[in-house]
Amino acid sequence: MADTKMHVLVCGGTGCLSSNSSDIVDNLIAEIKAAGMEDEVKVLKTGCFGFCEKGPIVKILPDNTFYTQVKPEDAKEIVAEHIVKGRKVERLLYMDPEKEQHISDAKHMDFYKKQMRVALRNCGFIDPDNIEEYIGRDGYQALAKCLTEFTPEQVIEEVKKSGLRGRGGAGFPTGLKWQLARANDADQKYVVCNADEGDPGAFMDRSILEGDPHSIVEAMAICGYAIGASQGRVYIRAEYPLAIKRLENAISSAREYGLLGDNILGSDFSFDIEITFGAGAFVCGEETALLRSMEGNRGEPTTKPPFPAEHGYWNKPTNVNNVETFANVPVIFLKGADWFNKIGTEKSKGTKVFALAGKINNVGLIEVPMGTTLREVIYDIGGGIKNGKKFKAVQTGGPSGGCLTEKDLDTPIDFDNLVARGSMMGSGGMIVMDEDDCMPSVARFYLEFTEEESCGKCTPCRIGTKRLSELLKDITQGKGTEEHVKELKRISQVIKDTALCGLGQTAPNPVLSTLAAFEDEYMAHVKEGRCPAGKCTALLKFFIEADKCKGCTLCARNCPVGAISGEVRKPHAIDQEKCIKCGACMDRCKFGAIVKH
Amino acid sequence: MACNCCNGEDKEKYAELEAFIESLPTTKGELIRVLHRAQGIFGYLPREVQVYVAKKLNIPVSKVYGVVSFYSYFTMKPKGKYDISVCMGTACYVRGAERVLEALTKKLGIGTGETTMDGKFSLRSLRCVGACGLAPVVMIGDKVYGRVTPESIDDILNECE
Amino acid sequence: MAKIKSLEELKKLREQAQNNVSLRVKGDNIEKMIQIRVAMATCGIAAGAREVMTEFIEEMDRQNIENAVVTQTGCMGYCYAEPTVEITIPGQEPVVYGNVDMDKVHEIIEKTIKNGELVDGIIPVTHKTIEE
């Protein structure tokens, strides 16, 4: 391959694919061929680069040029200018919003400066469908090392020493979990990878599977060797077709290369992986529910103990870890537990991937060392709040987590700090909200979610989440009283204390954390019939300010229900009885004469 | 044996499902896998299909129904020619997905989980497509539309002709 | 593909495979690399820039030189001296060589890339490129 002078990497993650990155690949290949350079330039479709806000991303190496928001028709210019003539296409380079300068090297962008990519090390760097690319990045060397240099006990010891904790939610120490599964004797044990990413707004597991599926295959094999299992299962959402395809491909090429199957690398160790499809149930992210679902049942959790390490899949000892946890494992063996242990905070080691989204300038998938503060994530990496609005809260941990506010911005992010502040790490969703977001509405959104996703097995969760969601609906529709708020607190506490599984116990978190930080906002709803964020339409009224109204009639013509009347060139008025509060008039008015409060 | 109550086209579908079930080394624990395949073949899981699956796997129909109704991916109603899904993940929600869903409901005259009378459109909400950079997101079939507003849905629906 | 049966076989495959990704690894750390930029505008190509670039890549590949990376650039404005090559050693000012032929390529590799010594044929800098 000595002749290849240039590699063109095109993001093939779901976000960029949605913006036609496949066409970019096709066009680039066609243009390169037309220029007669197909032997010199290689085009690769990679996993997610993370900078989804500016997607689709095209990166050219070795000159390390990072093009953003590329359209399929830009391929021609990229090839003619950059690839043939070596001139960068300025207009496609990232524009630093502060310095107003183009930046061509991703390392100099604020978005990437504070990141540290461990779990995402190969995402956006290799072709995930080519096992040799992974091997070229030291792939399967960690497995080889474990099989040739370590006993299973030593493997577990190494993972324990690294301090790795489960990235799926509560942060249970991974090495300890493996040890428990190893300690139980059985004729068959299982390694399960939980890829049932249920947090609406988190997509790191999917990105890892799409961008670096072999890292999961390798880590599961290492885990199998450590706990004494020869069977692996990946439980993955059926809604992730691309991730499924890449994973299937990875498993079959690993078999072909002898990295899965009997007597791996000439050792006594045999291991193989199968894929099991989930069917869309948030509760299946809970490991006991997941195992029931894998057996073809309703995904209802069971009480622990017994833990899956004793009685798991088909009652056999089973170790369940999530995707991101597994993605860290090969690195621990390549670079050493001590290396890993140096990253992060005292009790949370390594890095964490977050799906940064919401009212933020740089939406994307980021990975930072544990202990990075929320402020660094939101302002330095995320580029601050969209449209210059004011930061209000950040929601972490998905439906089981809570809202953090201004006062928490300088808190170093790790498992324990987030719990201490009423939220949790969860899988790593991080939704930023601004002054226009109404907190009781946000709580209602989450509770509607848990109400719908509650499996129904235990009463506190089944009925409790329904009651909470009803109360929140009343409050956001202006039918709430102070009694409602009291009742919210009481029911939340009961659910927390009595629900069967993690999903139920944490379901009230969005209510409790928003109440703790924004009780005055709840009170404004129930006492004054007012939504301070201006979000709850039932509590809003639209008015025309007579001194600003020019009587242009634009609003009256656009009102879908004919609620606005008035003579031409004279101030108009809104009939509150007829008004449906759609806001169409306010959007149309050129004089800022329409206000809501 | 496929059931004898259905027409020729259905017969083929049942035969395909039967062949799939027969190809499994064991049916133990494979109910969800079978249902995925059945929905792939039939497009949805009507009562008759559920009864058929129960018979083939030798389990009670109640168990099949229990599983079908538990998981949001399984549907007992046929989808429209254009299956519209509005992402209601948190990122899309805070960027206005609720208003988009509302606008679609009004425009199509159907609620979520329903199909228009002419069978052309069905409307669903789903949780996180993972294209949060494009929020709010609407999917029609496999095609993803990003940064959708209540005003832009007309353009999107017009493409479905 | 035959199955990999031992650690040695895996290591061998890794070495082959590394060649495919090394271009990217180098590019990702370009600030630590000696950069060889070949001017590839029309006049440069006409004067043989493409052959020069290929020779750089192939010779360094043959010698397993890991600390340098070859990229291309547009017209540098030294039309009288094509093919031109700009060499940047990390932390130093770039220098441009003109009329680079195959012998010069080898001389640059042997002296400049391997030992950090400058060779004859440097064109005085007349302007700065936009990236500085």
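Remember, it's a predicted structure, so these values are computed and weren't measured experimentally.

Visitor: Which residues make up the overall build of chain B, and what are the values?
Guide: Of the regular secondary structure elements, chain B holds seven helices and five strands. Counting from the amino terminus, helix and strand elements in chain B follow one another as α-α-α-α-β-α-α-β-β-β-β-α. For chain B, the spread of C-alpha atoms along the three principal axes comes to 50 × 30 × 25 Å. Scored against the burial criterion, the 161 residues of chain B give a buried share of 52%. The long-range share in chain B, meaning contacts at least 24 apart out of those at least 6 apart in sequence, stands at 59%. Carbon and sulfur atoms form 50% of the exposed surface of chain B, whose accessible area is close to 7,900 Å². Of the side-chain charges in chain B, 21 are positive and 19 negative, and the distance between the mean point of each set is 5 Å.

Visitor: Kindly report on the overall build of chain C, identifying the contributing residues and their values.
Guide: Along the backbone of chain C there are four helices and five strands. Along its sequence from the N terminus, chain C presents helices and strands in the succession α-β-α-α-β-β-β-α-β. Each principal axis of the C-alpha distribution contributes one length, and for chain C these read about 60 × 30 × 25 Å. The buried share among the 132 residues of chain C stands at 50%. Summarising the internal contacts of chain C: among those between residues at least 6 apart in sequence, 62% fall at separations of at least 24. If you sum the accessible surface of chain C, you get close to 6,700 Å²; carbon and sulfur atoms cover 50% of it. When the 15 positive and 22 negative side-chain charges of chain C are each reduced to one mean point, those points stand 9 Å apart.

Visitor: Residues and numbers for the interface of chain A and chain C, please.
Guide: Contacts between chain A and chain C engage 48 residues on the former and 39 residues on the latter. Counting the contacts that link chain A with chain C gives five salt bridges. The shortest N-O distance in the salt bridge between K107 of chain A and E31 of chain C comes to 3.2 Å. Elements with a minimum of two residues in the side of chain A that touches chain C: β1 (6-11), β2 (41-46), β3 (58-61), α3 (75-85), α5 (131-136), α6 (141-149) and α11 (241-256) of chain A. Considering only residue class, the side of chain A that touches chain C consists of 18 nonpolar, eleven polar and 19 charged.

Visitor: Please set out the environment of L247 of chain A residue by residue, giving values where relevant.
Guide: All names here are of chain A. Mapping L247 onto the fold places it in helix α11. Owing to a relative accessible area of 1%, L247 belongs among the buried residues under this scheme. Each C-alpha atom, one on L247 and one on E210, is 7.4 Å from the other, the two residues being 37 residues apart in sequence. Apart from residues lying up to four places away in sequence, L247 is in contact with L209, P213, V217, V234 and I275.

Visitor: Could you give an account of the sheet that holds β1 of chain A, with specific residues and numbers?
Guide: Whenever strands of a sheet pair, they do so through backbone hydrogen bonds, lying parallel or antiparallel. Residues and elements named next belong to chain A. Pairing within the open sheet is mixed, and its four strands lie in the order β2-β1-β3-β4. Lying at the two open borders of the sheet, with one neighbouring strand each, are β2 and β4 (65-67). Taken pair by pair, the neighbouring strands of this sheet meet at an average axis angle of 20°, ignoring direction. Here β1 pairs with β2 via six bridges, running parallel. Residue pairing in the sheet places V10 in a bridge with K45 of β2.

Visitor: If you had to explain the sheet that holds strand β3 (residues 121-126) of chain B to someone new, which residues and values would you point to?
Guide: Residue and element names in this part refer to chain B. Strand order in the open sheet formed by five strands is β2-β3-β1-β4-β5, with mixed pairing between adjacent strands. At either end of the open sheet lies a strand with only one pairing partner, and these are β2 (114-115) and β5 (143-145). Note: strand β1 (residues 82-87) against β3, six bridges, orientation parallel. Counted as the bridge partner of V86 is S125 from β3. Across the sheet, helix α6 (residues 97-108) is in contact with β1, β3 and β4 (138-140); its angle to β1 comes to roughly 150°.

Visitor: Just give me the short version of the interface of chain A and chain B, but keep the residues and values in it.
Guide: Residue-level contacts link 50 residues of chain A with 33 residues of chain B. Contact between chain A and chain B buries roughly 3,400 Å² in total, counting both sides, with carbon and sulfur atoms accounting for 55%. In this assembly, chain A and chain B are joined by four salt bridges. Residue R127 of chain B is joined to E452 of chain A by a salt bridge in which the shortest nitrogen-to-oxygen separation is 3.6 Å.

Visitor: So what's going on with the packing of aromatic side chains? Which residues, and what values?
Guide: All names here are of chain A. For the structure shown, the criterion picks out 21 aromatic pairs over all chains. Ring centres of Y190 and Y313 lie 4.7 Å apart, and the angle between their planes is 80°; this geometry places the pair in the edge-to-face category. One end of the pair, Y190, is in strand β7 (residues 190-195); the other, Y313, is in the loop between α12 (287-294) and β10 (318-322), with 123 residues separating them in the sequence. Aromatic ring contacts, followed pair by pair, group F49, F51, F66, Y94, F111 and Y112 into a single cluster.

Visitor: Kindly report on the arrangement of the chains, identifying the contributing residues and their values.
Guide: In this assembly, two pairs of chains are in contact, and the pair with the greatest number of contacts comprises chains A and C. For the non-touching pair chain B and chain C, the nearest C-alpha separation works out to 25 Å.

Visitor: Mind laying out helix α8 (residues 174-183) of chain A, listing which residues take part and the relevant values?
Guide: Residue and element names in this part refer to chain A. By the burial criterion, the buried members of α8 are T174, G175, K177, W178 and A181. Considered in projection along α8, the buried side chains sweep an arc of 160° and stay on one side of the axis. Packed against the buried residues of α8 are α7 (152-162), α10 (213-227), α12, β10 and α13 (323-335).

Visitor: Can you break down helix α21 (residues 509-527) of chain A residue by residue, with the values?
Guide: All names here are of chain A. Along its 19 residues, α21 runs just 24 Å from first to last C-alpha, ending more than 12% under the 27 Å computed at 1.5 Å per residue. For α21, the principal kink sits at F518 and spans about 90°. Count one or two residues on from α21 and you reach G529, which has phi positive near 60°.

Visitor: Give a description of the UniProt feature "binding site: [2Fe-2S] cluster" (unreviewed entry) in chain B that names residues and reports values.
Guide: The feature "binding site: [2Fe-2S] cluster" (unreviewed entry), as annotated in UniProt, sits at C87, C92, C128 and C132 of chain B in this numbering. A compact arrangement is adopted by the annotated residues: their sequence extent is 46 residues, whereas the largest C-alpha distance between any two is 9.5 Å. With respect to the element layout, C87 of chain B can be found in strand β1. The class of C87 of chain B is buried, set by a relative accessible area of 3%. The contact partners of C87 of chain B, leaving out residues within four places of it in the chain, are C92, A97, L126, R127, C128, V129 and V137 of chain B. Along the chain, C132 of chain B falls in the loop between β3 and β4. Apart from residues lying up to four places away in sequence, C132 of chain B is in contact with G201, F203, A357 and V363 of chain A together with A91 and R95 of chain B.

Visitor: If you had to explain a nonpolar patch on the surface to someone new, which residues and values would you point to?
Guide: Residue and element names in this part refer to chain A. A surface patch of nonpolar side chains, about 250 Å² in accessible area, is lined by F172, L176 and L180. Turning to its location among the elements, L180 is positioned in helix α8. Classification of L180 as partly exposed rests on a relative accessible area of 42%.

Cut-offs applied
- Residues numbered from 1 in each chain as written.
- Chains lettered and ligands numbered in written order.
- Predicted model: local features only at pLDDT ≥ 70, side-chain atom pairs only at ≥ 80, totals over all residues.
- Heavy atoms only, no water.
- Helix = DSSP H or I, 4+ residues; strand = E, 2+ residues; numbered from the N terminus.
- Buried < 20%, exposed > 50% of the residue type's maximum accessible area, 1.4 Å probe, protein only.
- Contact = heavy atoms within 4.5 Å.
- Areas by Shrake-Rupley, 256 points an atom, 1.4 Å probe, with all protein chains shown as cover.
- Lys, Arg positive; Asp, Glu negative; His and termini not counted.
- Charge placed at Lys NZ, Arg CZ, Asp CG, Glu CD.
- Salt bridge = Lys/Arg side-chain N within 4 Å of Asp/Glu carboxyl O.
- Nonpolar A, V, L, I, M, F, W, Y, C, P; charged D, E, K, R; others polar.
- Pairing = 2+ DSSP bridges.
- Axes fitted to C-alpha atoms, helices over the stretch in contact; angles between N-to-C directions.
- Buried area = accessible area lost by both parts, 1.4 Å probe.
- Phe/Tyr/Trp six-rings, centres within 6.5 Å; stacked < 30°, edge-to-face > 60°.
- Arc of directions from axis to C-beta.
- Expected span 1.5 Å × (residues − 1).
- Bend = angle between axes of the 7 residues up to and from the residue.
- UniProt positions renumbered as here; feature names shortened; annotations may be inferred.
- Patch = residues over 30% accessible without salt bridge, like charges linked within 9 Å, V, L, I, M, F, W, Y side chains within 5 Å.

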